[in-house]
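Read off the chains here:
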Amino acid sequence: IISLAAFLADTEGRGTKTPFVFDDPISSLDHVYEETTASRLAELSQTRQVIVFTHRLSLVGYLKKYADKRKIKTELRCLSRYTTGKITELPIDLKRTDSAVNFLANERLTAAKNAFAQGDAAYENEAKGLCGDIRTLIERIVEMDLLNEVVRRFSPEVNTKGKIHSLAKITVGECIFVDDYMTKYSSYEHSQPEEAPVALPRPEEIETDLKAISNFIENIQKRNKK
């Protein structure tokens, strides 16, 4: 922390507006200093470009939080784990739910359909990953849409202003919808017994499910805006 504070003081004291690049500045810090660091970097970005590399989703959330408070534009990019320097799609954890379901329906489902035509082994590899992402999407729907971001992972705050009224609109049917799809797509995440494995859904079944999930997201988001 002392080193970071000294570096920032030196950087700002020079008066130049050079970009500031940070590589995982919170790797050895606890959550208190992690949030403080994010706030400080957002403050610094008011006068220059700040680029932060991190693998911590919690830091991403804090940076977005303090940038939004200062009305600073942020751009999020995801780098490939396997190809140096290659920019890839954002993980489902970081996408808006409507963008995520469209990506799964258009990109991932198309890949699954192509794999299905190639045989069981190819389809199992593709479909398992897709089913796992659908499960993650359901979790995000609960957080972002059904609960209207009142509570969020990686954030200690409970955001009630202009949002908490939406909780009273949640119906039993919506709870059943989430529970059914969470149960269905969680089953593909677990190890399967050789005697009675759970068969992966065919592409057309996944397509039907994604359409239902997309409609669910659209209806909830429209309601939250009222």
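Up top you'll find the structure we're talking about.
What comes next is a walk through the structure. Everything numeric here is computed off the predicted structure, so don't read it as measured data.

**Some thoughts on the overall build of the chain**
- On a plain count of helices and strands, the chain comes out with seven helices and four strands.
- Tracing the chain from N to C terminus, the helices and strands come up as α-β-α-β-α-β-β-α-α-α-α.
- Seen along its three principal axes, the alpha-carbon backbone of the chain occupies a region of about 65 × 45 × 30 Å.
- Per-residue burial for the chain yields a buried fraction of 35% across its 226 residues.
- Relative to all contacts within the chain whose residues are 6 or more apart in sequence, the contacts with residues 24 or more apart total 66%.
- Accessible area for the chain stands at about 13900 Å²; split by element, carbon and sulfur atoms hold 53% of it.

**Let's talk about the packing of aromatic side chains**
- Considering all chains together, one arrives at five aromatic pairs under this definition.
- With centroids separated by 5.1 Å and ring planes inclined at 85°, the aromatic side chains of F116 and Y123 adopt a geometry described as edge-to-face.
- Note on F116: relative accessible area 34%, which makes it partly exposed.
- Here the aromatic residues F7, F20 and F22 are joined through ring pairs into a cluster of three or more.
- The lysine or arginine in question, K95, covers the ring of F103, its NZ or CZ lying 4.9 Å from the ring centre.

**Section: the pattern of salt bridges**
- Scanning all chains against the criterion turns up 18 salt bridges.
- K64 is the salt-bridge partner of D68, the closest N and O atoms lying 2.8 Å from each other. Residue D68 and its partner K64 are located together in helix α3 (residues 57-69), separated by four residues, close to a single helical turn.
- Judged by relative accessible area, which is 40%, K64 ranks as partly exposed.
- Among the ionic contacts, a cluster of salt bridges with common partners joins K73, E75 and R77.

**Thoughts on the pairing of strand β2 (residues 50-53)**
- Direction of pairing for strand β1 (residues 20-23) relative to β2: parallel, over a ladder of four bridges. From the neighbouring strand, F20 faces β2, where its bridge partner is V50.
- Of the crossover connections in this fold, the one passing from β1 over helix α2 (residues 31-44) to the parallel β2 is right-handed.

**A word on the packing of helix α6 (residues 172-186) against helix α7 (residues 203-225)**
- For the pair α6 and α7, the least separation of the axes is 12 Å and the interaxial angle reads 145°. Handedness of the crossing formed by α6 with α7: left-handed. On α7, the residues touching E174, F177, V178, Y181, K184 and Y185 of α6 are E205, I206, D209, A212, I213, F216, I220 and R223.
- Counted by class, the contact of α6 with α7 contains nine nonpolar, no polar and five charged residues.

Calculation criteria
- Numbers given to residues run from 1 along each chain, matching the order in which its sequence is written.
- The model is predicted, so local features are restricted to residues of pLDDT at least 70 and side-chain atom pairs to those at 80 or more, both for listing and for counting; the totals for chains, interfaces and linings are taken over all residues.
- Side-chain descriptors were evaluated using all non-hydrogen atoms of the structure, hydrogens and water having been removed beforehand.
- A run of DSSP states H or I qualifies as a helix once it reaches four residues; a run of E qualifies as a strand once it reaches two. Both are numbered from the N-terminal end.
- The cut-offs for exposure are 20% and 50% of the maximum accessible area for each residue type, with area from a 1.4 Å probe on protein chains only; residues under the lower value are buried, those over the upper are exposed, and the others partly exposed.
- Whether two residues touch is decided by their heavy atoms; if any such pair falls within 4.5 Å, the residues are in contact.
- Surface accessibility follows the Shrake-Rupley procedure with a 1.4 Å probe radius. Residue values consider only the protein chains on display as shielding.
- Centres within 6.5 Å are what make two rings of Phe, Tyr or Trp a pair, Trp counting through its six-membered ring; a difference in plane orientation under 30 degrees is then read as stacked, over 60 as edge-to-face, and the rest as tilted.
- Remark: a charge is flagged as sitting over a ring if the NZ atom of Lys or the CZ atom of Arg is within 6 Å of the ring centre and within 35 degrees of the ring normal.
- Only one rule defines a salt bridge in this text: a Lys or Arg side-chain nitrogen within 4 Å of an Asp or Glu carboxyl oxygen.
- At least two bridges found by DSSP between two strands is the condition for calling them paired.
- Seen with the strands pointing away from the viewer, any crossover whose path from the first strand over the helix to the second strand runs clockwise is right-handed.
- Helix axes use the C-alpha atoms of the stretch in contact, all axes being lines fitted to C-alpha atoms, and the angles between their N-to-C directions lie in the range 0 to 180 degrees.
- We call a crossing left-handed when the near helix sits turned anticlockwise from the far one by less than a right angle, and right-handed when that turn is clockwise.
- We call Asp, Glu, Lys and Arg charged. Ala, Val, Leu, Ile, Met, Phe, Trp, Tyr, Cys and Pro are nonpolar, and the rest, Gly among them, are polar.

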